[in-house]
Amino acid sequence: MEQAKTAIILGATGLTGGILLDKLIKDDRYRKIKVFGRNHVSQKSEKIEEYLINLFELEKVQELFTGDEVFCCIGTTKSKTPDKELYRKIDFGIPATAAKLARRNKVDTFMVISALGADEESNIFYNKVKGEMEGAVMEQKISNTYILQPSLIAGDRAENRFMESIFIKLMKLGNHLLIGNLKKYRSIEPEEIANAMQYLANHPYESGRIESDKIKAFSNTSA
């Protein structure tokens, strides 16, 4: 039997990160789950080892940043974080620092949630930041690096964003119209992303960027 593993989750109080934490708690392949963040998670488990920290100062706890896998579920939105400097600190700074620490501490699996359309050459600020983050993560050359690029993420959020919820519902209704090469633009459930992350952590696959339709395919494969 394989030795039980230690996972690290950043963003476990968020939509996708919380679902992933639930899954790893139930997964016998994991002995310990290290959670780094500002707030306590709602889940209770002997597996959970919580570290309440400012994620902008992640390097201060690098000696604790040890394990088998890092799941970076950190991310914000334009509406939630209109300040571009702060947005960049969150969506670029935290994942890039986490990847550096993972490499230093010889963690050989790193995965991060990016976005479909990420491109460091983009004229769109938000796409550019995501693209630059992907580049910074890939530069670390961690053996198993998976950059997940979901399309619009559906699901119920804690924040009440009325117009966004309407748009998500409309996208869901139109999903069946997106076929062939357009399938990757279908909205995606946070549970599908969490399923794919859990699967990739436990099954060999080529490192690199994984678009939304491929995320769905991994989700449909038993973890």
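Residues numbered from 1 in each chain as written. Predicted model: local features only at pLDDT ≥ 70, side-chain atom pairs only at ≥ 80, totals over all residues. Heavy atoms only, no water.

Things to note about the pairing of strand S5 (residues 109-113)
The buried count for S5 comes to five of five residues, which makes it a mostly enclosed element. Residues Thr109, Met111 and Ile113 of S5 are buried on one face, and the alternating residues Phe110 and Val112, pointing to the opposite face, are buried as well. Running through helix H2 (residues 84-104), the crossover from strand S4 (residues 69-72) to the neighbouring parallel element S5 is right-handed. The β-α-β motif built from S5, the intervening helix H3 (residues 125-139) and the parallel element strand S6 (residues 144-149) has right-handed crossover chirality. (Buried < 20%, exposed > 50% of the residue type's maximum accessible area, 1.4 Å probe, protein only. Helix = DSSP H or I, 4+ residues; strand = E, 2+ residues; numbered from the N terminus. Right-handed = clockwise from strand over helix to strand, strands pointing away.)

Details of the sheet that holds strand S2 (residues 30-37)
Pairing is parallel across the open sheet formed by seven strands, whose spatial order is S3-S2-S1-S4-S5-S6-S7. The open sheet has two free edges, formed respectively by strand S3 (48-52) and strand S7 (208-211), since each of these has just one partner strand. The average undirected angle you get between the axes of adjacent strands in this sheet is 15°. Sheet topology places strand S1 (residues 5-10) next to S4; four bridges connect them, and they run parallel. In the strand pairing of S4, Ile9 is matched with Phe71. (Pairing = 2+ DSSP bridges. Axes fitted to C-alpha atoms, helices over the stretch in contact; angles between N-to-C directions.)

Topic: the side chain of Gln43
Along the chain, the position of Gln43 falls in the loop between S2 and S3. One polar contact links the side chain of Gln43 to the main-chain carbonyl oxygen of Gly18, over a distance of 3.1 Å. Of note is the side chain of Gln43, whose polar atom sits 3.4 Å from the side chain of Ser42. Setting aside chain neighbours within four positions, we find Gln43 in contact with Gly18, Leu21, Asp22, Ile25 and Ile48. (Polar contact = N/O pair within 3.5 Å; in protein donor to acceptor, adjacent residues only side chain to side chain. Contact = heavy atoms within 4.5 Å.)

Note that every value here comes from positions in space, so none of it alone points to a role or purpose.
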